[in-house]
Protein chains: 2
Amino acid sequence: MITTADIKRIRSLAQKKFRDESGLFVVEGEKMVAEALASSFAVEAVYRQEEIGEKAMERISSLSSPSPALAVVRQKPESPLTLPDKGLCLVLDGIRDPGNLGTLLRIAAWFGIEAVYASPDSVDWYNPKVVQATMGALFRVPFHTAGLPTLCRSVAAKGGKVYGTFLDGADLYSRPLSNGEEAPALLLIGNEADGIRPDVATTVTDRLFIPRYPACAEGQESLNAAVAAAVAVAEFRRRATR
Amino acid sequence: MITTADIKRIRSLAQKKFRDESGLFVVEGEKMVAEALASSFAVEAVYRQEEIGEKAMERISSLSSPSPALAVVRQKPESPLTLPDKGLCLVLDGIRDPGNLGTLLRIAAWFGIEAVYASPDSVDWYNPKVVQATMGALFRVPFHTAGLPTLCRSVAAKGGKVYGTFLDGADLYSRPLSNGEEAPALLLIGNEADGIRPDVATTVTDRLFIPRYPACAEGQESLNAAVAAAVAVAEFRRRATR
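Report follows, based on the coordinates. Bear in mind that the values here come from a model prediction, so they are computed numbers and not experimental data.

Looking at the relation of the copies chain B and chain A
Overlay of chain B on chain A (RMSD 0.0 Å): rotation 180 degrees, translation along the axis 0.0 Å. Taken together, the rotation and translation relating the two chain copies correspond to the operation of a two-fold axis. Interface residue correspondence from chain B to chain A reaches 100%, placing this contact among same-surface, isologous pairings.

Remarks on the side chain of R106 of chain B
Within the element layout of this structure, R106 of chain B appears in helix α6 (residues 98-110). Summary of buried charges: R106 of chain B has no salt-bridge partner, and the nearest side chain of opposite charge, E221 of chain A, is 7.0 Å away. Separated by 3.4 Å, the side chain of R106 of chain B and the backbone oxygen of L223 of chain A make a polar contact. Every residue in contact with R106 of chain B, bar those within four places of it in the chain, is listed here: S222, L223 and N224 of chain A together with A133, T134, M135 and A137 of chain B.

Things to note about unusual backbone geometry
Residue and element names in this part refer to chain A. Following Y213, the chain continues into P214 via a peptide bond in cis, with omega recorded as -10 degrees. In this structure, P214 sits in the loop between β9 (206-209) and α10 (225-241). We note that M135 has phi near 55 degrees; this positive angle belongs to a residue other than glycine. What makes M135 partly exposed here is its relative accessible area of 36%.

A short note on the sheet that holds strand β7 (residues 161-171) of chain A
Whether parallel or antiparallel, the strands of a sheet pair through hydrogen bonds between backbone atoms. All names here are of chain A. What the six strands build is an open sheet, ordered β6-β5-β4-β8-β7-β9; its pairing is parallel. In this open sheet, the two strands that pair with only one neighbour each are β6 (143-145) and β9. Recorded for the sheet is a direction-independent mean angle of 30 degrees between the axes of neighbouring strands. Bridging between strand β5 (residues 116-118) and β6 involves three bridges; their strand directions are parallel. Considered in β6, the bridge of A118 is made with T145. Packing of α10 onto the sheet brings it into contact with β4 (88-92), β7, β8 (185-189) and β9, and relative to β8 it is tilted by some 155 degrees.

Overview of the packing of aromatic side chains
Within the structure shown, the criterion is met by 14 aromatic pairs over all chains. Geometrically, the ring pair formed by W125 of chain B and F143 of chain B is tilted, given 4.6 Å between the ring centres and 40 degrees between the ring planes. Note that W125 of chain B is positioned in the loop between β5 (116-118) and α7 (128-133) and F143 of chain B in strand β6 (residues 143-145), a separation of 18 residues in sequence. On the accessibility criterion, W125 of chain B (4% relative accessible area) is buried. A cation over a ring is seen here: R212 of chain A above W110 of chain B, with NZ or CZ 5.6 Å from the ring centre. Positioned over the ring face of F143 of chain B is K76 of chain B, at 3.8 Å from the centre of the ring.

Comments concerning the pattern of salt bridges
The tally for this structure, following the rule as stated, stands at 32 salt bridges over all chains. Across the pair R48 of chain A and E30 of chain A runs a salt bridge, and its minimum N-O distance is 3.1 Å. Highlighted residues: R48 of chain A in strand β2 (residues 43-48) and E30 of chain A in helix α3 (residues 30-38), separated in sequence by 18 residues. For R48 of chain A, a relative accessible area of 22% puts it in the partly exposed group. E30 of chain A gets classed as partly exposed once you look at its relative accessible area, which sits at 38%. Two residues, R238 of chain B and E235 of chain B, come together in a salt bridge whose shortest N-O distance is 2.8 Å. Remark: E235 of chain B and R238 of chain B occur in helix α10 (residues 225-241); sequence separation between them is three residues, near one turn of the helix. The pair R238 of chain B / E235 of chain B is uniform in exposure class, with both members buried.

Let's talk about the state of the cysteines
Residue and element names in this part refer to chain B. Scanning the model with the defined rule gives zero disulfides over all chains in all. Looking at the unpaired C89, the closest cysteine sulfur is the one in C152, lying at 10 Å. You can call C152 buried: its relative accessible area is 0%.

Thresholds, definitions, all that
- Residues numbered from 1 in each chain as written.
- Chains lettered and ligands numbered in written order.
- Predicted model: local features only at pLDDT ≥ 70, side-chain atom pairs only at ≥ 80, totals over all residues.
- Heavy atoms only, no water.
- Least-squares fit on C-alpha atoms with pLDDT ≥ 70 in both.
- Contact = heavy atoms within 4.5 Å.
- Helix = DSSP H or I, 4+ residues; strand = E, 2+ residues; numbered from the N terminus.
- Buried < 20%, exposed > 50% of the residue type's maximum accessible area, 1.4 Å probe, protein only.
- Lys, Arg positive; Asp, Glu negative; His and termini not counted.
- Salt bridge = Lys/Arg side-chain N within 4 Å of Asp/Glu carboxyl O.
- Polar contact = N/O pair within 3.5 Å; in protein donor to acceptor, adjacent residues only side chain to side chain.
- Pairing = 2+ DSSP bridges.
- Axes fitted to C-alpha atoms, helices over the stretch in contact; angles between N-to-C directions.
- Phe/Tyr/Trp six-rings, centres within 6.5 Å; stacked < 30°, edge-to-face > 60°.
- Lys NZ or Arg CZ within 6 Å of the ring centre and 35° of its normal.
- Disulfide = S-S within 2.5 Å.

Spatial relationships are all this shows, so hold off on functional conclusions.
Quick look at the structure:
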């Protein structure tokens, strides 16, 4: 059912180097495997505990409690950068935490984001912790790796908006917000430690701020990158529908 | 500077059993240690890499890259349940993921939440991953462990509101929302897998739903517990200020 070579090959996919070489990645859990099979991704193999046994499943799983099913899936081909025509896109500048990237894809799926772009130094889309944190959104949201300064400048040149959140930005609730009905709108989300970096920040057309409460509050508070993205995107979508 | 017994004792605090026995917990990182020292929490000891050496720091740290400072801090005494008088509180029903609990405390600090309550089966407030994920908010937001059905019923009996998010709830943006100006308001956040459990759900006075976009979207999307909390709390606070 499963050979020692298979086990070794599957285990190696926990490392980016071997994912890059093979163009494959791993998906775990009954629901995630079902979503992979129903998606446009090519599923190379499915392993079920009832077929390969508990011991083999423990060896190929990267979860602390292995699930009953695991699939090896082919990565999407990397296509040359195409700009969005319209709609609201998320643009991620150096997101490092796999849980954050997965959560951001899940947010994008919930709020109907057109596409998600990430800088080349962001965590790998196919990192096992990213894949699991997406809860399947990986299969449903278009995502691309892209040089962000070029992407943002091109969108601005087409008349689109480039939004970003900054501590000195304007109150999110007091600004006009475009959902990209006529020209694309990008919402930049910064790195966990450094925020939006200078080479990208200079391309921003609209600097926003998520107000604290009470508004006069001071101190050392901050919001997690995915949380800030969710609050901002929810407000963009609220405006579109009211 | 640091004895073998100290090292053993500090390492043991990674486990809830030993945290409960000793009433202590561990904080790591220069910023976090500084915040602990500036807080109302009693700091029992601070260890700095320049004093104890890199090897000892590696042994006492639970981080993959140990930071230059670590503190052993005394937990707050558990006080008998006191109901909030007013204000908006977060109420967490069985949050299991330490990163989620930490992020929820960080959200609470940003949005000036009165207090955070969690059911006894939630992850421990002093779990090292919770502490680190709060980015210091643990020292600034009042938090309590409480039996949630009793808490919620008592607040409702005082004329307060008990909000919860449900897939069949009413559109968040179309409902009146109280920030607890006159009687306390509770916002319930459900467990990652099961949502708000029946014994607590029956106490809810206002069932809310965070709309998807577009509104007609169907499918298997969901939001992470902390993300849903952030989107809802941001809307409560927006209403309070506009």
